[in-house]
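Structure at a glance
Residue strings, one per chain:
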Amino acid sequence: MSKAGVDQELIRQLAALLTETDLSEIEIETDGLKLRVARQVAQAVTHIAAPAPAAHAPAAAAPAAAAEGASHPGAVNSPMVGTAYLAPEPGAAVFAQVGQQISEGQTVLIIEAMKTMNHIPAPRSGKLTAVLVDDGQPVEFGEPLFVIE
């Protein structure tokens, strides 16, 4: 023990354990001594520049289609914030295509939220007439995802 009464070797071992187990903090209490070791975990932030639109008309058409889909009575909105995926894994076939007949409960897309893949089922049976999000697109709560008629 050092002059301060804290076992510095124990702190080093706990810090190594944090790194080894990828934990952000650990706390122990022994012989009336309570010790908490924490580390800051840096989060990687990636900024991706959107490609410049080739012409102004297609760029204006996309928001118009999304706005039109949002007001459609068959629109299905996002139940959460996350990233939308149209296929179960990269390179795989999409869950559903426009024009396809959909059954109630059938997975139409996945929203990844907090590293959890949440399957988004069709709330009703019908024909999938529009998919309003792109694969890998961030979505907000209440944002229209697709239209089932």
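Residues numbered from 1 in each chain as written. Predicted model: local features only at pLDDT ≥ 70, side-chain atom pairs only at ≥ 80, totals over all residues. Heavy atoms only, no water.

Topic: the overall build of the chain
Broken down by element type, the chain carries two helices and 10 strands. From first element to last, N terminus to C terminus, the chain shows the α and β order α-β-β-α-β-β-β-β-β-β-β-β. Taking all 149 residues of the chain together, 23% fall into the buried category. Long-range contacts, defined as pairs at least 24 residues apart, comprise 50% of the intrachain contacts of the chain with a sequence gap of at least 6. Total accessible area computed for the chain in this model is approximately 10400 Å², and 55% of it derives from carbon and sulfur atoms. (Helix = DSSP H or I, 4+ residues; strand = E, 2+ residues; numbered from the N terminus. Buried < 20%, exposed > 50% of the residue type's maximum accessible area, 1.4 Å probe, protein only. Contact = heavy atoms within 4.5 Å. Areas by Shrake-Rupley, 256 points an atom, 1.4 Å probe, with all protein chains shown as cover.)

So, the sheet that holds strand 7 (residues 116-121)
Read across the sheet, four strands follow the order 7-6-4-9 without closing on themselves; strand pairing throughout is antiparallel. The open sheet has two edge strands with one neighbour each: strand 7 and strand 9 (137-139). Geometrically, the sheet is characterised by an average inter-axis angle of 35 degrees between neighbouring strands, direction not taken into account. Bridge analysis of strand 4 (residues 82-85) against strand 6 (residues 107-113) gives three bridges, and the strand direction is antiparallel. Paired with A84 across the bridge in strand 6 is I111. (Pairing = 2+ DSSP bridges. Axes fitted to C-alpha atoms, helices over the stretch in contact; angles between N-to-C directions.)

Observations concerning helix 1 (residues 8-21)
Along its 14 residues, helix 1 runs 20 Å from first to last C-alpha, staying within 8% of the 20 Å computed at 1.5 Å per residue. Within two residues after helix 1, D22 carries a phi angle of roughly 60 degrees, on the positive side. (Expected span 1.5 Å × (residues − 1).)

Some remarks on unusual backbone geometry
Positive phi outside glycine occurs at M114, with the angle close to 55 degrees. The topology assignment puts M114 in the loop between strand 6 and strand 7. A positive phi angle, close to 65 degrees, is found at K115, a residue other than glycine. Position of K115 among the secondary structure elements: in the loop between strand 6 and strand 7.

Focus on the sheet that holds strand 8 (residues 126-131)
Spatially, four strands are ordered 3-10-8-5 in an open sheet, and the strand pairing comes out antiparallel. The strands lining the two open edges of the sheet, one partner per strand, are strand 3 (75-77) and strand 5 (101-102). Across three bridges, strand 8 lies against strand 10 (residues 144-148) in antiparallel orientation. By the bridge assignment for strand 10, L128 is matched with I148.

Notes on the environment of D7
Inspection of the secondary structure assignment puts D7 in the segment before helix 1. For the pair formed by D7 and L35, sequence separation is 28 residues and the distance between their alpha carbons is 10.0 Å.

What about the nonpolar core?
The biggest cluster of nonpolar side chains holds 16 residues, and the ones touching the most others in it are I102, L109, V133, L145, F146 and I148. Counting residues per element, the ones that place at least two in this core are strand 6 and strand 10. If you look at the next biggest cluster of nonpolar residues, it comprises five residues, including L14, L18, I26 and V37. (Core = buried A, V, L, I, M, F, W, Y, C linked by side-chain atoms within 4.5 Å.)

Thoughts on the environment of A38
Counting through the fold element by element, A38 comes out in strand 2 (residues 33-38). In this structure the C-alpha to C-alpha distance between A38 and E25, which are 13 residues apart in sequence, comes to 4.0 Å. Dropping the residues within four chain positions of it, A38 is found in contact with L18, S24 and E25.

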